[in-house]
Every structure is written in structure tokens, then in C-alpha cells.
Amino acid sequence: MHRSSENSRKAWNRLTEKGTATREAAHLLKVGIEAYLNRFSQKYLEVDSGETCKLVLGANGEGKSHLLLCVRERALREGHLVALLEARNSGAGESELLFAQELLRKIETPETLESPSDNENAWVRVFRGAVDRKRKQALERGLDPEEILPVWASGFRTKDLPPLGFAQAITDGLVGTLSNDEDRVLDAIRRLTFDATKLPKKDQKVQGASLLRTCVRIPQLLLYKPLVLLIDEAEGVVDKAGSRRKQEFMMFLRFVSDHMAQGESGSAIVLIACTDDFWPAQFDSYIALRDRLRDPGYDEP
């Protein structure tokens, strides 16, 4: 049996017998959803859309995670940075800082599709891809990359990219990439993801919110297309949780809708997958969020 056929069979068995969505299955198995992917791409990836925060609804096992993985692949192929997070393990509704850190750790570049590697730090790829894009841009404009790139990299330290120290970390990561200084790059990554910083809990909300807003701006500053943020199994965050926990999660989703996917040029494109019993039962009780995410049905292909 041909290797691709064998892989398809295995991916199909995992998907149908165990309900396990995988990246391999998303790559090989798109029967019946190409029309949705094309519609999504045309409406949200190829243009600056006024609506960039949507729900993916369905019962358990109906293919929501598989669809998100297919969107992930399509977005990467079209040049976007992508982060796919499982809501329950992402810090969503618990801490804006924890969620921002998880987003930064899970970021993927288009190059991931051609040379996947679980061992390489995501931001090593982000920096390398940004440098490659800037070099290509300079050459296309008839400029000398060796002159342009150091100035471009150093210029990030003056940009308004809160929290404090983030802009300098981006500069250090780019400069380290240009000079093949691995230690400098890894130190920059620790600083921009706040892995080496312990913030008091009272500061985490403000700093985390600032970091999430900056996460939205970074892709285009580094010459990628806008961030595509995919949040899976949203119902898992509030399953068996108390009313306060549910309210905090709703407020978090409102922040994502208002400040990350606000529909302006360069904002993030957000898909949130949850079971259909979670909507409208939970969302409908929070009017401010319901009005943002209510869909009259015109997104069907």
C-alpha cells in the first residue's frame, strides 16, 4: 500500500474509532469541509474583515477539533501566524498572563508545514522567518539586506510594545538571529514570554492584558499575516465550575472579542470551538458577549 494511503487509513481510523483529531488527519482528510475552508479563507483570511471572532458549535465527536486543525493548516499556508490552544489548559478565564504565555509558546509559523519540529522553540522559527521575510523584501526593493536588516532589528526597541521589556526582547531576538547567537535568542525568548519573571498576582491581569494586545500587533510587524487564534473545547473551562468561574470566563472571551479580534486592520482572527449545549445556555446569559458573537447564519457556504 502506498505510504500516503496507509497514513490516510490510520488517520481515518483514529478519527472515526477514537474521535482523535490530529494534524495528520487534518492534512489528509478534508472531504466535505473544503467548502467551509474556502468560505472561511475568502471571508476572513484574504481580506480585512469587520467580524473576526466566531464560534464553532457542535456536539462531542462531531468534528470541531478536526475543523480547527484544518483551519490551522489553511491559515499557515496563507502566511499567517497561528496559535491553537485547548481552553482548559491555556489559562483562559484564570489569568490573562497565563493565557498570553501559552499563546506565545504555541505560536506556529508557515514554515512549520514544510519542516515540522517539536524540539525547536517556536520563537526561534518566528525570528528566523521574520529575518528571511525582511531579507526578501529588501532584495525585491533593490536594497542591500546587510545594511537594512541590522537597522530594522534594532528599531524594534523604540516601538510601543508593552509590557515593559517586550520591545527590547524582540530586538535582541532578531539581532541574535542575524548574528547566529543562539544564547542571545533564547534569552530574548525567555524575556518576551515572561518565563523568567515572577509577577505578583495583582499585576498579572494588567500585564497579561497588555501582552495579549501586543501579541495581536506582532505578526504584521514581523512581516507575517495577522494572528489566527484557535481555542478548542471552550466548554471544558467551566464544566462543573461555579458561577464566578463562569462569569470570569465570559469576561475573558469578551476581552478576546473586543481587544484581540476587534475587526480593525491587523486584528486577530479568532475561532472558539464549544459544544452546542454550551451555547446558548452559558453565552446567552451574558448579553454583552452574546451580542458580539451571535451569528444569523450567513457564514454557511
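Sequence order as written defines residue numbering, which begins from 1 separately in each chain. In view of the model being predicted, local features appear only for residues whose pLDDT reaches at least 70, and side-chain atom pairs are presented and counted only at 80 or more, with totals across whole chains, interfaces and linings using the full set of residues. Note that water and hydrogens are dropped before the side-chain values are worked out from all heavy atoms of the structure.

### Observations regarding the nonpolar core
Thinking step 1. By size, the foremost hydrophobic cluster in this structure holds 59 residues, and its most contacted members are Leu103, Trp123, Ile170, Leu174 and Leu222.
Thinking step 2. As used in this record, nonpolar core signifies buried Ala, Val, Leu, Ile, Met, Phe, Trp, Tyr and Cys residues forming a set joined through side-chain atoms within 4.5 Å. Residue burial is assigned from relative accessible area. The probe radius is 1.4 Å, only protein chains are included, and a residue is buried under 20% of its type maximum, exposed over 50%, and partly exposed in between. Counting 19 residues, the second-largest nonpolar core is a separate cluster that includes Tyr44, Leu68, Ala75 and Leu271.

### Thoughts on the pattern of salt bridges
Thinking step 1. The salt bridge definition used is simple: a Lys or Arg side-chain nitrogen within 4 Å of an Asp or Glu carboxyl oxygen. The final tally for this structure, using the stated rule, is 18 salt bridges.
Thinking step 2. Residue glutamate 102 pairs with arginine 105 through a salt bridge whose shortest N-O separation is 3.4 Å. Taken together, the positions of glutamate 102 and arginine 105, both in helix α5 (residues 96-106) and three residues apart, correspond to about one turn of that helix.
Thinking step 3. Between aspartate 187 and arginine 190 there is a salt bridge; the shortest N-O distance is 4.0 Å. Of the two residues, aspartate 187 and arginine 190 both sit in helix α9 (residues 182-192), three residues apart, roughly one turn of that helix.
Thinking step 4. Since its relative accessible area comes to 34%, aspartate 187 is described here as partly exposed.
Thinking step 5. For arginine 190, a relative accessible area of 41% gives the class partly exposed.
Thinking step 6. Bridged by salt links that share partners, the residues Asp172, Arg184, Asp187, Arg190 and Arg191 form one connected network. Every helix listed is a DSSP run of H or I at least four residues long, and every strand listed is a run of E at least two residues long, numbered separately from the N terminus.

### Description of the packing of aromatic side chains
Thinking step 1. Two rings from Phe, Tyr or Trp (for Trp, the six-membered ring) form a pair when their centres are within 6.5 Å of each other. A pair whose planes differ by under 30 degrees is stacked, one over 60 is edge-to-face, and the rest are tilted. With the rule as written, the count across this model stands at five aromatic pairs.
Thinking step 2. Relative to tyrosine 44, the ring of phenylalanine 40 has its centre 5.3 Å away and its plane inclined at 45 degrees; by these criteria the two rings are tilted. On the criterion of helical spacing, the pair formed by phenylalanine 40 and tyrosine 44 is a turn pair, its members being four residues apart in helix α3 (residues 34-45).
Thinking step 3. Residue classification places tyrosine 44 among the buried residues on the basis of a relative accessible area of 6%.
Thinking step 4. Among the aromatic residues, those joined into a cluster by ring pairs are Phe99, Phe249 and Phe252.
Thinking step 5. Charge-over-ring contacts are defined here by two conditions on Lys NZ or Arg CZ: a distance within 6 Å of the ring centre and an angle within 35 degrees of the ring normal. We note lysine 159 situated over the ring of phenylalanine 156; from NZ or CZ to the ring centre the distance is 5.6 Å.

### Digging into unusual backbone geometry
Thinking step 1. A cis amide bond links proline 162 to the next residue, proline 163, at an omega of 5 degrees.
Thinking step 2. Here proline 163 is to be found in the loop between α7 (145-154) and α8 (166-178).
Thinking step 3. One non-glycine residue, asparagine 180, lies in the positive phi region at around 55 degrees.
Thinking step 4. For asparagine 180, the position within the fold is in the loop between α8 and α9.

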